[in-house]
Amino acid sequence: MLILSFESSCDETACAIVEMGEGKREILSDKVASQISIHKLYGGVVPEIASRAHTEAISGLTREAFAEAGVGMSDVGAVAVTNEPGLIGALLVGVNFAKGIAAANGKPLVPVNHIRGHIAANYLAHKELEPPFTAFVASGGHTSIIDVRDYTDFRTIGATRDDAAGEAFDKVARLLGMSYPGGAEMDALANNGDPEAIRFPSAASFPGTLDLSFSGLKTAVINYIHNLEQKGEPIPRADVCASFTRAVCESIVKRLSEALDLTGKDKLVVAGGVSANSHLRRALGDLAKKRGISLYMPPLSLCGDNGAMIGAQGYYEYLAGNVAESGLNAFATKR
Ligand code: KG4
Ligand code: ZN
């Protein structure tokens, strides 16, 4: 079954066509129009600008997705769209566009949760992967540990209480003079630094829960940098990157170990923009080896926001009967 899918929850407009079912999990096309160059000027995503940029990009991107896939609207079985969580104005662009296309062509419309979509990127990359498993999703807006019992049965068992992991990377990157979003640049510069050079605190944990908080760690980095600035001393940027990254990775590994103890699952699935981090990927690889579990991560091309992941999850939502009425709405936070 071909799924036409749309993603517009933040600063990437994305449209994809995927083929799912009957042993297939294929990406026929996956077009992403990034707005990063626009938002960079402001040091972060400006919601109204994001909505307007989605509005300008979405029609052309859809034409490109069909051309690249070499299929037509009549071949499509369902239309999937991210409707939560995200920037509300941005989500509404994708939801209304998808609604129009679905209604005009008599196709079922399937709402998809963005975080579920990130996890589903792994179905496209690992054809054999099936629930149940424990998932870790870390992006610019979300950091959650999820007990995935079935394709559409999710329980969040841990989450950040403040900044998302990607947000913490981006804020530290900004302090170091990198442009938004600085996660990938931090990743690269950390390779040149000493992870043991500065003892930053771990991300905070909360006894009896699997929650974590990056704000104390972020403040420790801010204080460290300000202190050196006040003394007129140079900032060892690579060491800051490496030491901050070590603190983030260690905290995540610790929480995930506890989560795996709790769920008893032997599969760990990782997703979201931050899962592109090479140091985190290595640390999680070590964790999986130590525990003798299987680790699934998307290729770098499917870590960040994309339409294919929404199509993949959309297929399972469709199978579960989660088809929307014409009044489908978007929601900034998960209901
Ligand atoms: O999943 P995503 O594309 O969008 C959201 O749903 O938020 O994630 C974007 C986030 C940004 O914060 C970005 O800096 C971060 O993922 N990111 C990284 C890396 N690549 C992207 N963070 C750390 N290391 C990376 N290599
Ligand atoms: Zn995302």
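Use the structure listed above.
Computed from a predicted structure; not experimentally measured.

Draft legend 1. How the structure looks around the overall build of the protein. Summing up its helical and strand segments, the protein has ten helices and twelve strands in all. By the compact-globule yardstick of 20 Å for 335 residues, the protein fits well, its C-alpha radius of gyration being 20 Å. Projected onto its principal axes, the C-alpha coordinates of the protein cover approximately 65 × 45 × 30 Å. Contacts in the protein between residues far apart in sequence, at least 24 positions, make up 72% of those at least 6 positions apart. In the structure as shown, the protein presents an accessible area of about 13,700 Å², 50% of it carried by carbon and sulfur atoms. Measuring between centres, the 31 positive side-chain charges of the protein sit 3 Å from its 38 negative side-chain charges.

Draft legend 2. Just the site of ligand 1, in detail. Inspection of the region around ligand 1 gives 19 residues, with Gly140, Asp170, Asp187, Gly273 and Asn277 positioned closest. The contact in question runs from an oxygen atom of ligand 1 to an N or O atom on the backbone of Gly141, over 3.3 Å. The protein chains hide 87% of the 560 Å² of surface that ligand 1 would expose on its own. Of the pockets mapped on this structure, ligand 1 occupies the largest pocket.

Draft legend 3. Seen up close, the coordination of the zinc ion (ligand 2). Around the zinc ion (ligand 2), the protein supplies His114 (NE2), His118 (NE2) and Asp305 (OD) as donor atoms, at distances of 2.0 to 2.1 Å. Considering all four donor atoms around the zinc ion (ligand 2), angles at the metal cover 94 to 141° and the coordination shape is irregular. Sequence positions of the donors to the zinc ion (ligand 2) reduce to the motif H-x3-H-x186-D. Of this pair, His114 and His118 are both found in helix H4 (residues 114–125), four residues apart, which corresponds to roughly one turn of the helix.

Draft legend 4. Spotlight on the sheet that holds strand S8 (residues 153–159). The mixed open sheet is built from five strands, whose spatial order is S8-S7-S6-S11-S12. The open sheet terminates on both sides in strands that have one partner only, identified here as S8 and strand S12 (294–296). Adjacent strand axes in the sheet meet at a mean angle of 25°, parallel and antiparallel pairs treated alike. In this structure, strand S11 (residues 267–271) lies alongside S12, joined through three bridges in parallel fashion. Residue pairing for S12: Val269 is matched across the bridge by Tyr296.

Draft legend 5. Layout of the pattern of salt bridges. For the coordinates displayed, the defined rule picks out 17 salt bridges. Residue Glu68 is joined to Lys31 by a salt bridge in which the shortest nitrogen-to-oxygen separation is 2.9 Å. A residue pair is termed long-range when its members are at least 10 positions apart, and Glu68 in helix H2 (residues 47–69) and Lys31 in strand S3 (residues 24–34) qualify at 37 residues. Across the pair Glu258 and Arg255 runs a salt bridge, and its minimum N-O distance is 2.9 Å. Of this pair, Glu258 and Arg255 both sit in helix H8 (residues 237–263), three residues apart, roughly one helical turn. Among the residues examined, Arg255 registers a relative accessible area of 5% and is labelled buried.

Draft legend 6. Examining unusual backbone geometry more closely. The omega angle of the peptide bond from Glu84 to Pro85 is -25°, so this bond is cis rather than trans. Residue placement: Pro85 occurs in the loop between strand S4 (76–84) and helix H3 (88–105). In the segment running from Pro131 into Pro132, the intervening peptide bond is cis, with an omega of 5°. With respect to the helices, strands and loops of the structure, Pro132 is situated in the loop between H4 and strand S6 (133–138). The phi angle at Glu22 is positive, at roughly 50°, despite the residue not being glycine. Take Glu22: it is sitting in the loop between strand S2 (12–21) and S3. Judged by its relative accessible area of 84%, Glu22 is exposed.

Draft legend 7. Just H8, in detail. Its 27 residues give H8 an end-to-end C-alpha distance of 39 Å, which sits within 8% of 39 Å, the value for a rise of 1.5 Å per residue. Here H8 lies mainly inside the structure; 20 of its 27 residues are buried. Backbone geometry just after H8 places Gly264 at a positive phi near 70°.

Draft legend 8. Local environment of the packing of aromatic side chains. Here the structure, examined in full by the defined rule, presents eight aromatic pairs. Where Phe6 meets Phe97, the ring centres are 5.4 Å apart and the plane angle is 75°; that geometry is what we call edge-to-face. Of this pair, Phe6 sits in strand S1 (residues 2–7) while Phe97 is found in helix H3, placing the two residues 91 residues apart along the sequence. Grouping aromatic residues by their ring pairs yields a cluster made of Tyr123, Phe133, Tyr151, Tyr315 and Tyr316. The lysine or arginine in question, Arg161, covers the ring of Phe206, its NZ or CZ lying 3.9 Å from the ring centre.

Draft legend 9. Region of interest: the packing of H8 against helix H9 (residues 278–291). Two elements in contact, H8 and H9, have axes whose closest approach is 10 Å; the angle formed by their N-to-C orientations is 35°. Note that H8 runs across H9; the crossing there is right-handed. Of the residues in H9, those in contact with Thr245, Cys249, Ile252, Val253, Leu256, Ser257, Leu260 and Asp261 of H8 are His279, Leu280, Ala283, Leu284, Leu287 and Arg291. Of the residues contributing to the contact of H8 with H9, the split by class is nine nonpolar, three polar and two charged.

Cut-off values and rules
- Residues numbered from 1 in each chain as written.
- Chains lettered and ligands numbered in written order.
- Predicted model: local features only at pLDDT ≥ 70, side-chain atom pairs only at ≥ 80, totals over all residues.
- Heavy atoms only, no water.
- Helix = DSSP H or I, 4+ residues; strand = E, 2+ residues; numbered from the N terminus.
- Rg over C-alpha atoms; globule rule 2.2 N^0.38 Å.
- Contact = heavy atoms within 4.5 Å.
- Areas by Shrake-Rupley, 256 points an atom, 1.4 Å probe, with all protein chains shown as cover.
- Lys, Arg positive; Asp, Glu negative; His and termini not counted.
- Charge placed at Lys NZ, Arg CZ, Asp CG, Glu CD.
- Near = heavy atom within 4 Å.
- Polar contact = N/O pair within 3.5 Å; in protein donor to acceptor, adjacent residues only side chain to side chain.
- 1 Å grid on protein atoms, 1.4 Å probe; cavity = no way out; pocket = protein on both sides within 12 Å on 5 of 7 lines; lining within 4 Å.
- Sits in = over half its atoms within 2 Å of the grid points.
- Donors = N, O, S within 2.8 Å, 3.2 Å for Na, K, Ca; no water.
- Tetrahedral: all angles 85-135°; square planar, octahedral: opposite > 155°, others 65-115°.
- Pairing = 2+ DSSP bridges.
- Axes fitted to C-alpha atoms, helices over the stretch in contact; angles between N-to-C directions.
- Salt bridge = Lys/Arg side-chain N within 4 Å of Asp/Glu carboxyl O.
- Buried < 20%, exposed > 50% of the residue type's maximum accessible area, 1.4 Å probe, protein only.
- Expected span 1.5 Å × (residues − 1).
- Phe/Tyr/Trp six-rings, centres within 6.5 Å; stacked < 30°, edge-to-face > 60°.
- Lys NZ or Arg CZ within 6 Å of the ring centre and 35° of its normal.
- Left-handed = near helix turned anticlockwise from the far one by under 90°.
- Nonpolar A, V, L, I, M, F, W, Y, C, P; charged D, E, K, R; others polar.

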